[in-house]
Amino acid sequence: MSNRRNRLGYAVAAVLTGTGFAAGAPGVALAQEATGVEEIVVTAQRRSQSLQDVPIAIQVVDSTLIKDVAAENLGDLNGFVPGLVISDGSPTQPRYQIRGIQTDDFGVGTEPAVGVYVDGIYAARSGASLLAFNDVERIEVLKGPQGTLFGRNSAAGAISIVTRQPEDEFHSLLRVRVAEYGKRYYEGMLNTPLGDSVALRVNGVYNKSDGWLEDTATGQDLMPEENWAGRVALRWELSEKTSATLSWDHDDLDQLARPAIGLIPVAAGQTQVPFPADPATYIDPRKAPVYNDVVGNEESRQLDQVNLFIDHSFGAADFRSSTSWRQFDTVNREDEDGTNLIGVYFDTANIEDNESFYQELKFSGKTAAIDWVGGVSYYKEKADQISDTHTFTDGIDTLGVNLGLFEQVGIPFPLFAGTSSFIEPFGLTMLGLPWREAMYNRGDFEAFAAFGDVIWHVTDRTNLTFGLRYTHDTKEFTWINGPHETPELDAVVAGLEQAGFFSVFPIPPEAYRFSDIIFAVDTPPGGVTNKDSWDDVSPRLVLDYKVTSDVMVFGSLAKGYKAGGYNSTEVGSEFENEDVWNFETGIKSVFPDAGVTLNASAFYYIYENKQAITLATDVAGSDIPQYVIDTSDEEAWGIDVDAQWRPVDQLRIYANAAFIDATFKEKVTRSEDPLDLTGEPTGEPYFSAALGASYGWALGATGDVELSGRYAYRGKSRCNADSVRQGTCALQAAFEVEEATERLDLRLAWTSANDMFGLAAYVTNVLDDQYVTGINNITTGTFGTPFASISEPRQWGVEATVSF
């Protein structure tokens, strides 16, 4: 404990000692006066307002934070926005969590609990939500349900990404970043006017790295990165009152999928692992050998999106039409056993093809008495998904032995190994042959919505806000699951049958075509199709009062909504809407003379009918672990704090903190031996925080130098009876899962006096702390091969920029 305190103290000191560095710098003049507080403009309430006038808990991520931590996508910001958790180990299957609420499933039949929006356009699927930062101006993280203003699937909150738009002046940027592990990052931007009324903005990024893990058996680099993205935006001022902006975005990702770091020791010459797995023998994944033998290892995405925004002023009201078309394909084939043994080989692939269309018509206006916004929207999506699994006949033998499947049907030995021992003298074998099972899903989804939000200025100090959104969702969903696909095995069996082998062998040929192991329910050839619709009304009511011109207090009641849907891997399953009611009260304050901004809020929410897709290892009637739907009600209360201080012109200090106590209001696990988790913690830690500081030196004609530091802390997860049973939240013999984490990033940057040139050096994870971020038990109950994931090590880099 004392060591952790010392390290925490070092981290805080490193972040906050900008003044200490300045004190010893010769020839540098220090400002002695506070310079006031800069106004931040946001669009969190679907209109442009000062952050301090918006009665919502918001943290704004600006370009400064993005540069300080060398962030290249949302996942790189994890930890630096307390209350927001982003799991990006697989960039085509990320998970977002705000205030302890997230969706654990990436199937197309479900919806996320956190909405991600880019320029107001909803990124419906997680497969297309974690994109490369491309000309980003700011990111607004809205905490708490945003059902009225942003709509469906923002029950926990919303992440609103705002990009830079074409401007009337010429300017350009080139950024090159080189870092450890073969990192190369390039960014270019060009903004130019095309006459008096047209402007064009083009931006592109390319990123590649070798990876920071290595396959112990082959020496291959693992956890690599390779992606590029481009954006072209054209703005046309059609008249003094009308403008149109047309943009095209492309994102291309092509790299290896994340490896599985096995927790079971594997020795040279070993062909099997002990079953069941014994947690007492688990090895520390941070020091373990890494084996990655996936056939066709791939994580890829190709995305194209076209947006058209038309703005017109009617004088008393403003109108905006937002039209968007998006199409993307993703493949994620990854290791699920963490060994290089064919007897326990198992990989899965998520393959998705998605096309969507969105149209919103929005009106807004102001009078002396009210500030209003309202509109209608339509969304249509067509999604195809394949949940693909691969093993070999050797693995099927392992499952049959481990689970007693062969014994149940009277087969006295491992089926394929035993048969092979009889046919190998004839040059034949049943081992090493592929075994594939796949669930095909198809979804056709539509959503209509109408919304309105009115701020009534009751007095010059008091505002009363009422908003309402009506949403109608319609979903048609199909499951198709046929027999397993084993053409090589089928050919061997057919040849043996033709040769008369089974007339003398005690096992009949049909025994080799037994039912599916992974997806146990076969469907008719055309599949099983369900169609349903859901309706929702999400209101919000807010009262805010200006105690002084710089201090506002507020209270709000808001509802969030997540549409009902289907479990992609459980044929015929369906679940209803999820609703969250949130009460919040807070304060927003500015002290200009001191250079201080202090915002805080306290909240309490009830989340009803929360659905979670979980891997149950003891489902009644099944020997194989199954993905099933768990339903629960949850509640939480907490506090968010956001503070900034600029005591002198050169020094900025940031502090953000979140406290939450999240528990199950009602939950019983779905298993053969169910657990009642009512009253137990959901797993969310009590406390998380982020600190930051920067100090600048003005060196006259030489330019400016700035030192910045960012520190993130997240407390230890709170275990419950189910997470302890699963081993995903416990102290193992060699390591701890879900322990408290911390990260410190430092950056030293120089900018020329004319702002044309820049050089920077940075270090991420200065303390070189690596953590076990989770244990995956997808194959623990079948092959006995649990595996883990770990966080990134320390990395350093340098960066050069040219702008004109």
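Computed from a predicted structure; not experimentally measured.

Rules used in this analysis
Residues numbered from 1 in each chain as written. Predicted model: local features only at pLDDT ≥ 70, side-chain atom pairs only at ≥ 80, totals over all residues. Heavy atoms only, no water. Helix = DSSP H or I, 4+ residues; strand = E, 2+ residues; numbered from the N terminus. Rg over C-alpha atoms; globule rule 2.2 N^0.38 Å. Contact = heavy atoms within 4.5 Å. Buried < 20%, exposed > 50% of the residue type's maximum accessible area, 1.4 Å probe, protein only. Pairing = 2+ DSSP bridges. Core = buried A, V, L, I, M, F, W, Y, C linked by side-chain atoms within 4.5 Å. Phe/Tyr/Trp six-rings, centres within 6.5 Å; stacked < 30°, edge-to-face > 60°. Lys NZ or Arg CZ within 6 Å of the ring centre and 35° of its normal. 1 Å grid on protein atoms, 1.4 Å probe; cavity = no way out; pocket = protein on both sides within 12 Å on 5 of 7 lines; lining within 4 Å. Points joined across faces, edges and corners; volume = space filled by probe spheres on them. Nonpolar A, V, L, I, M, F, W, Y, C, P; charged D, E, K, R; others polar. Salt bridge = Lys/Arg side-chain N within 4 Å of Asp/Glu carboxyl O. Axes fitted to C-alpha atoms, helices over the stretch in contact; angles between N-to-C directions. Parallel < 35°, antiparallel > 145°, perpendicular 65-115°, else oblique. pLDDT = per-residue confidence, 0-100. Expected span 1.5 Å × (residues − 1). Patch = residues over 30% accessible without salt bridge, like charges linked within 9 Å, V, L, I, M, F, W, Y side chains within 5 Å. Areas by Shrake-Rupley, 256 points an atom, 1.4 Å probe, with all protein chains shown as cover.

Asker: So what's going on with the overall build of the protein? Which residues, and what values?
Answerer: When its secondary structure is counted, the protein shows eight helices and 37 strands. Taken over the C-alpha trace, the protein has a radius of gyration of 28 Å; the compact-globule value for 804 residues is 28 Å, and the two agree within 12%. Overall size of the protein, expressed as C-alpha extent along the three principal axes, is 95 × 60 × 55 Å. The long-range share in the protein, meaning contacts at least 24 apart out of those at least 6 apart in sequence, stands at 70%.

Asker: Give me the pairing of strand 9 (residues 136-143): which residues, what numbers.
Answerer: Burial of strand 9 is extensive: seven of the eight residues sit out of reach of the surface. Of the pairings in the sheet, the one linking strand 3 (residues 57-62) to strand 9 comprises six bridges and is antiparallel in character. If you follow Val61 over to strand 9, its bridge partner there is Ile139. As defined by bridge partners, strand 9 adjoins strand 10 (residues 157-163) across seven bridges and the pair is classed as antiparallel. When the sheet's bridge partners are listed, Val136 is paired in strand 10 with Thr163.

Asker: Any chance you could break down the sheet that holds strand 18 (residues 261-262) for me, citing the residues and the numbers?
Answerer: Taking strand neighbours across the sheet as the criterion, the three strands line up as 18-36-35 in an open arrangement whose pairing is antiparallel. Edge positions in the open sheet fall to strand 18 and strand 35 (772-776), since each of these has one partner strand only. As paired elements, strand 35 and strand 36 (residues 787-790) share four bridges and run antiparallel to each other. Each bridged residue has a counterpart across the sheet, and for Val772 the counterpart in strand 36 is Ile790.

Asker: Explain the nonpolar core to me, using residue names and the numbers behind them.
Answerer: Among the nonpolar cores identified, the biggest contains 38 residues, and Phe416, Met430 and Tyr512 are the most heavily contacted of them. Looking at this core, the elements with two or more residues in it are helix 4 (393-402), helix 6 (415-423), helix 7 (487-498), strand 35 and strand 36. In terms of residue count, helix 7 provides more of this core than any other element does, four residues in total. Setting aside residues no more than four positions away along its own chain, Phe416 makes contact with Thr393, Ile396, Asp397, Met430, Leu431, Trp435, Leu489, Tyr512 and Phe514. The next biggest cluster of nonpolar side chains, apart from the first, holds 35 residues, and it includes Val69, Ala155, Tyr605 and Ala636.

Asker: Run through the packing of aromatic side chains, naming residues and quoting values.
Answerer: Counted by the stated rule, this structure contains 24 aromatic pairs. When the ring of Phe319 is compared with that of Phe363, the centres are 4.9 Å apart and the planes differ by 45 degrees; the resulting orientation is tilted. Taken together, the positions of Phe319 in strand 20 (residues 318-335) and Phe363 in strand 21 (residues 347-366) put the pair 44 residues apart, joining distant regions of the chain. Overall, the relative accessible area of 18% leaves Phe319 in the buried class. Aromatic pair Phe501 and Phe502: ring centres 5.3 Å apart, planes at 80 degrees, arrangement edge-to-face. As far as burial versus exposure is concerned, Phe501 and Phe502 are alike and both buried. Seen from the ring of Phe603, Arg99 lies directly overhead, with NZ or CZ sitting 3.8 Å from the centre.

Asker: Outline empty space enclosed by the protein, supporting the account with residue identities and numerical values.
Answerer: The tally for this structure, following the rule as stated, stands at 10 cavities of 30 Å³ or more. The space that makes up the largest cavity amounts to roughly 300 Å³. Taken together, 24 residues make up the lining of the largest cavity; nearest its centre are Val118, Leu131, Ala132, Asn134 and Asp249. Among the secondary structure elements, those contributing two or more residues to the lining of the largest cavity are strand 7 (114-118), strand 10, strand 16 (225-237), strand 17 (242-255) and strand 19 (298-313). Of the residues that constitute the lining of the largest cavity, the class distribution is 11 nonpolar, eight polar and five charged.

Asker: Any chance you could break down the environment of Ser90 for me, citing the residues and the numbers?
Answerer: Note that Ser90 resides in the loop between strand 4 (84-87) and strand 5 (95-98). Separated by 133 residues in the primary sequence, Ser90 and Met223 place their C-alpha atoms 9.8 Å from one another. Aside from chain neighbours lying at most four places away, what touches Ser90 is Arg258, Glu299, Asn332 and Glu334.

Asker: How would you explain the pattern of salt bridges if you had to name every residue and give the values?
Answerer: Counted by the stated rule, this structure contains 55 salt bridges. For the salt bridge of Arg710 with Asp68, the shortest nitrogen-to-oxygen distance reads 3.0 Å. Linking Arg710 in strand 32 (residues 704-714) with Asp68 in helix 3 (residues 63-68), this pair joins segments that are 642 residues apart in sequence. We note that Arg710, like Asp68, is buried. A salt bridge links Asp249 to Arg231; the shortest N-O distance between them is 3.4 Å. Taken as a pair, Asp249 in strand 17 and Arg231 in strand 16 lie far apart in primary sequence, 18 residues in all. Owing to a relative accessible area of 18%, Asp249 belongs among the buried residues under this scheme. Three or more residues joined by partner-sharing salt bridges are found here, namely Glu72, Arg175, Arg177, Lys183, Glu187, Glu225, Arg747 and Glu799.

Asker: I'd like a rundown of the packing of helix 4 against helix 6, residues and numbers included.
Answerer: Packing of helix 4 against helix 6 leaves a shortest axis separation of 7 Å and a crossing angle of 120 degrees. Between helix 4 and helix 6, the interaxial angle falls into the category oblique. Of the residues in helix 6, those in contact with Thr393, Ile396 and Asp397 of helix 4 are Leu415, Phe416 and Ala417. Classifying every residue of the contact of helix 4 with helix 6 gives four nonpolar, one polar and one charged.

Asker: Got a sec to walk through the confidence of the model for the protein? Specific residues and values, please.
Answerer: Across the protein, the average pLDDT comes to 90, with 92% of residues at 70 or higher. Under a pLDDT of 50 for its full length, residues 1-35 has, in the predicted model, 58 contacts with residues more than four places off or in other chains.

Asker: Outline the sheet that holds strand 5, supporting the account with residue identities and numerical values.
Answerer: Within the open sheet, the three strands sit side by side as 4-5-6. Their pairing is antiparallel. Looking at which strands have only one partner, the edges of the open sheet turn out to be strand 4 and strand 6 (101-102). Pairing of strand 4 with strand 5, which is carried by four bridges, proceeds in the antiparallel orientation. From the neighbouring strand, Ser87 faces strand 5, where its bridge partner is Arg95.

Asker: Outline helix 7, listing residues and values.
Answerer: Taking 1.5 Å of rise per residue, 12 residues should cover 16 Å, and helix 7 covers 16 Å from first to last C-alpha, within 8% of that figure. Among the structural elements, helix 4, helix 6 and strand 23 (434-457) are those in contact with the buried residues of helix 7. Downstream of helix 7 by a residue or two, Gly500 has a phi angle that is positive, lying close to 80 degrees.

Asker: Describe a nonpolar patch on the surface, with residues and values.
Answerer: On the surface, a cluster of nonpolar side chains totalling about 1100 Å² of accessible area is made up of Trp456, Val458, Leu464, Phe466, Leu468, Tyr470, Val537, Leu541, Leu543, Leu557, Trp581 and Phe583. Elements with a minimum of two residues in the nonpolar patch: strand 24 (462-480), strand 25 (528-548) and strand 27 (578-591). Counting residues per element, the nonpolar patch draws most heavily on strand 24, at four residues. Residue position: Leu543 is located in strand 25. Overall, the relative accessible area of 46% leaves Leu543 in the partly exposed class.

Asker: Can you explain unusual backbone geometry? Please cite residues and give values.
Answerer: Between Phe275 and the following residue, Pro276, the backbone shows a cis peptide bond with an omega angle of 0 degrees. Along the chain, Pro276 turns up in the loop between strand 18 and strand 19. Phi is positive for Arg46, which is not a glycine, with a value near 65 degrees. Looking at where Arg46 falls in the secondary structure, it is placed in the loop between strand 1 (41-42) and strand 2 (49-50).

Asker: Give me the environment of Phe659: which residues, what numbers.
Answerer: With respect to the element layout, Phe659 can be found in strand 30 (residues 651-667). Measuring from C-alpha to C-alpha, the distance between Phe659 and Trp637 comes to 8.3 Å, with 22 residues separating the pair along the chain. Residue contacts for Phe659: discarding those within four places in its chain leaves Phe603, Trp637, Gly638, Ile639 and Tyr686.

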